[in-house]
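# Remarks on the overall topology
The residues making up each chain are set out below.
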Amino acid sequence: MRSGHSDGARLAAALLTLAAVTLTLGSWLHVSNAATVSTTYLMVVLLVAATSRLRVAVATSIASVLSINFFFLPPVGAFTIADPQNWIALFAFLAVSLVASNLSAVARTRTHEAVERRDELARLFDLSRDVLVITDSREAIPALTRAIARRFDLEYVAIALPRGSDWDVQHAGQVAIAMDPRQLSEAFATAQTSLEFDARARTYAGHRTMEVDNRTIRLVPLRVGTRPVGLLAAAGRPVEAGTLDALGGVAAIAIERAELLEERKEADLTRQSEELKTTLLASLGHDLRTPLTAIRVAAANIQTPSLAPEERQEQSELILSEVERLTRLFQNILEMARIDAGAVATEARWAHPSEIIAASRDQVEHALLSHKLEIHVDPDVPVRLDPRLTASALAHVLENAAQYAPPASPIDIHASVTSEGLVITVRDHGPGIAAADLPRLFERFYRGDAAKPRASGTGMGLWIARGLLAVEDGRIWAENCLDGGAQFTIVVPATAKPSEPATPLIA
């Protein structure tokens, strides 16, 4: 309907132009040369043919022939021609104008087709880039459907995948259409029967249409190789069948890629789970065997009748120390399981930084026996956070510092309250952290090569500390000090308690 209005307007403009040319040549310039007149009218016809469709150009050519005959060929003012040679000139003009109009229309049509195909290729290229950035396999199909509707400016797009006797349909676009599952099954069955290529339409067999709510929906098979995996439904602006077929191919590749990503993710999870089990068993086997052996030997020594009282006391303390070490190991395992399960809850309350440091020191007192703690708190004002989680995370950091620092070396702890919250730094005077270990320091079960021969441990401590702090939206990082040793910094968002104004004395 819109093109009909456009053709009518262009024809009216062409006829007005012919009237102006006739008035100019006949009444104003009084031109009587047939060649000049026909050339002028031919220019008008060519301009119309270059800007309008063929039927407008043909109508303009006929109107030009009639105008030349009536206004310029004798007898003027009549549609008869006195000189037979003028008949030849008039028909030659008509033939030239019609041929020129047809050639111009063909050129315009080819240009329009070339532009449309270029735009379709650009849309396919953009869609391919959209497919490459989709990495979440769970949202791959909905994201792909939205990308097709957006790139090709379609009012409705759906990707239908068979799920047994039912269909999984993901749709996008401006309208919502409920498609008949029976028609989808019929179209899918047709796509499974044969694979024929139509060279003229540039499509494979299986294209179908269905009418839903006065809308024509085109169905295109989604094929991975020669195997159909689903259907692409599209409604809205006209799209060439070949473009729809290519679009279905891109969508099928995207679906296969999403399935491969999901399989790869599951394989990675399985591999990581196996590695985690292997590492956990190896770590537990090592860290359980050592204290159990020490407990067994100490218990056997205590049963010796000739053992001196001070030696018996020493063996008892060794047993208690190893039992505390085992208790700490199992506590680490429980905390790791709670972090993995997301079962760590926060309970904020007011606490002084010095209280948090004291609680963390008590948790790993056995590991700090050979080290002196130098504690600096400035200012020691109450802050609102979860002191239990913060103290537990700090305890793991202190235990790590005690393991890798030389015996009898001091461990410095500094706490302050800033605009970021509670900031606690723990510095040891050991060998520092190797550059290769820094990026992986907080990974589960990771222990650097330089640390393995020096100290026992499962490599869970720093990972647990980071997990506990993450529950509080806190963070932790490590760095080497310029004058030796390593420093760990903990930042926990917290609000400092405002100081109460002093009560004035009453005289």
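Anyway, here's the lowdown on the structure attached to this text. The structure displayed is predicted, hence computed values, not measured ones. (Residues numbered from 1 in each chain as written. Predicted model: local features only at pLDDT ≥ 70, side-chain atom pairs only at ≥ 80, totals over all residues. Heavy atoms only, no water.)

### Some thoughts on the overall build of the protein chain
Along its length, the protein chain carries 11 helices and 15 strands. Considering the protein chain as a whole, with its 507 residues, one finds that 40% of them fall into the buried category. When contacts within the protein chain are restricted to residue pairs at least 6 apart in sequence, long-range pairs at least 24 apart make up 65% of them. With the model as given, the accessible surface of the protein chain reaches about 28500 Å², and the carbon-plus-sulfur share is 58%. (Helix = DSSP H or I, 4+ residues; strand = E, 2+ residues; numbered from the N terminus. Buried < 20%, exposed > 50% of the residue type's maximum accessible area, 1.4 Å probe, protein only. Contact = heavy atoms within 4.5 Å. Areas by Shrake-Rupley, 256 points an atom, 1.4 Å probe, with all protein chains shown as cover.)

### Focus: empty space enclosed by the protein
This model, assessed by the stated rule, comprises 1 cavity of 30 Å³ or more. Of the volumes computed, that of the largest cavity is approximately 70 Å³. Forming the boundary of the largest cavity are 13 residues, of which Ile-134, Ala-140, Ala-254, Arg-257 and Ala-258 lie nearest the centre. Elements supplying a minimum of two residues to the lining of the largest cavity: helix 5 (140–151) and helix 7 (241–302). Among the elements that make up the lining of the largest cavity, the one with the highest residue count is helix 7 (5 residues). Per-class residue counts for the lining of the largest cavity are 9 nonpolar, 2 polar and 2 charged. (1 Å grid on protein atoms, 1.4 Å probe; cavity = no way out; pocket = protein on both sides within 12 Å on 5 of 7 lines; lining within 4 Å. Points joined across faces, edges and corners; volume = space filled by probe spheres on them. Nonpolar A, V, L, I, M, F, W, Y, C, P; charged D, E, K, R; others polar.)

### With respect to the pattern of salt bridges
The final tally for this structure, using the stated rule, is 11 salt bridges. In this structure, Arg-388 and Asp-386 form a salt bridge, with 3.9 Å as the shortest nitrogen-oxygen distance. Since its relative accessible area comes to 43%, Arg-388 is described here as partly exposed. Residue classification places Asp-386 among the buried positions, given a relative accessible area of 4%. Between Arg-475 and Glu-420 there is a salt bridge, with its nearest N and O atoms 2.7 Å apart. (Salt bridge = Lys/Arg side-chain N within 4 Å of Asp/Glu carboxyl O.)

### Remarks on the side chain of Thr-390
By the secondary structure assignment, Thr-390 is in helix 10 (residues 387–404). With relative accessibility at 1%, the residue Thr-390 sits in the buried group. A polar contact is formed between the side chain of Thr-390 and the backbone oxygen of Asp-386, at a distance of 2.9 Å. One polar contact links Thr-390 to Glu-472, side chain to side chain, over a distance of 3.0 Å. Sequence-distant contacts of Thr-390, defined by excluding residues within four places in its chain, comprise Ile-356, Leu-385, Leu-422, Glu-472 and Val-492. (Polar contact = N/O pair within 3.5 Å; in protein donor to acceptor, adjacent residues only side chain to side chain.)

### A look at the packing of helix 10 against helix 11 (residues 461–471)
At a minimum axis distance of 9 Å, the contact between helix 10 and helix 11 shows a crossing angle of 160°. Classed by the angle they form, the pair helix 10 and helix 11 counts as roughly antiparallel. As for how helix 10 packs across helix 11, the hand of that crossing is left-handed. Residues Leu-389, Ser-392, Ala-393, His-396, Val-397 and Asn-400 of helix 10 form the contact with helix 11, whose own contacting residues are Gly-461, Leu-462, Ile-464, Ala-465, Leu-468, Leu-469 and Val-471. Of the residues belonging to the contact of helix 10 with helix 11, the class tally is 9 nonpolar, 4 polar and no charged. (Axes fitted to C-alpha atoms, helices over the stretch in contact; angles between N-to-C directions. Parallel < 35°, antiparallel > 145°, perpendicular 65-115°, else oblique. Left-handed = near helix turned anticlockwise from the far one by under 90°.)

### Details of the nonpolar core
Val-397, Ile-411, Phe-488 and Ile-490 are the most contacted members of the largest nonpolar core, which totals 45 residues. With 9 residues, the single largest contributor to this core is helix 10. What Ile-490 contacts, discounting residues up to four positions off in sequence, is Leu-394, Val-397, Leu-422, Val-423, Ile-424, Leu-469, Arg-475 and Ile-476. Judged by nonpolar contacts, the second largest core, of 28 residues, contains Leu-127, Ile-141, Leu-161 and Val-224. (Core = buried A, V, L, I, M, F, W, Y, C linked by side-chain atoms within 4.5 Å.)

### What to know about the sheet that holds strand 15 (residues 495–496)
Spatial strand order, 8-10-15: 3 strands in an open sheet with antiparallel pairing. Edge strands, defined here as strands with exactly one partner in the open sheet, are strand 8 (349–351) and strand 15. Looking at chain direction, strand 10 (residues 383–385) and strand 15 are connected through 2 bridges and run antiparallel. Note that in strand 15 the partner of Arg-384 across the bridge is Thr-495. (Pairing = 2+ DSSP bridges.)

### Let's talk about a negative patch on the surface
Taken together, Glu-256, Glu-259, Glu-263 and Glu-266 make up a surface patch of like negative charges. Within the secondary structure layout, Glu-259 lies in helix 7. Taking the relative accessible area as the measure of exposure, Glu-259 reaches 47% and is therefore partly exposed. (Patch = residues over 30% accessible without salt bridge, like charges linked within 9 Å, V, L, I, M, F, W, Y side chains within 5 Å. Lys, Arg positive; Asp, Glu negative; His and termini not counted. Charge placed at Lys NZ, Arg CZ, Asp CG, Glu CD.)

### Thoughts on the packing of aromatic side chains
Tallied over the entire structure, the rule returns 2 aromatic pairs. Between Trp-167 and Phe-188 the ring centres are 5.6 Å apart and the planes differ by 85°, which places this aromatic pair in the edge-to-face class. Separated by 21 residues along the polypeptide, Trp-167 in strand 2 (residues 166–173) and Phe-188 in helix 6 (residues 181–193) bring together distant segments of the chain. Across this residue pair, the class does not change: Trp-167 and Phe-188 are buried. Consider the rings of Phe-442 and Phe-488, whose centres lie 6.3 Å apart with planes at 80°: the pair is edge-to-face. Taken together, the residues Phe-442 in the loop between strand 12 (421–427) and helix 11 and Phe-488 in strand 14 (residues 486–492) connect sequence positions 46 residues apart. The class of Phe-488 is buried, set by a relative accessible area of 3%. The ring of Trp-350 has Lys-497 sitting right over it, with the charged end atom 5.7 Å from the ring centre. (Phe/Tyr/Trp six-rings, centres within 6.5 Å; stacked < 30°, edge-to-face > 60°. Lys NZ or Arg CZ within 6 Å of the ring centre and 35° of its normal.)

### Describing the packing of helix 2 (residues 34–51) against helix 3 (residues 54–71)
Following both chains from N to C, one finds helix 2 and helix 3 inclined at 165°, their axes separated by 9 Å at the closest point. On the basis of the axis angle, helix 2 is roughly antiparallel to helix 3. For the pair helix 2 and helix 3, the crossing hand works out as right-handed. Seen from helix 2, the contacting residues are Val-37, Ser-38, Tyr-41, Val-45, Val-48 and Ala-49; seen from helix 3, they are Val-56, Ala-57, Thr-60, Ser-61, Ser-64, Ser-67 and Ile-68. Taken together, the residues that form the contact of helix 2 with helix 3 break down as 8 nonpolar, 5 polar and no charged.

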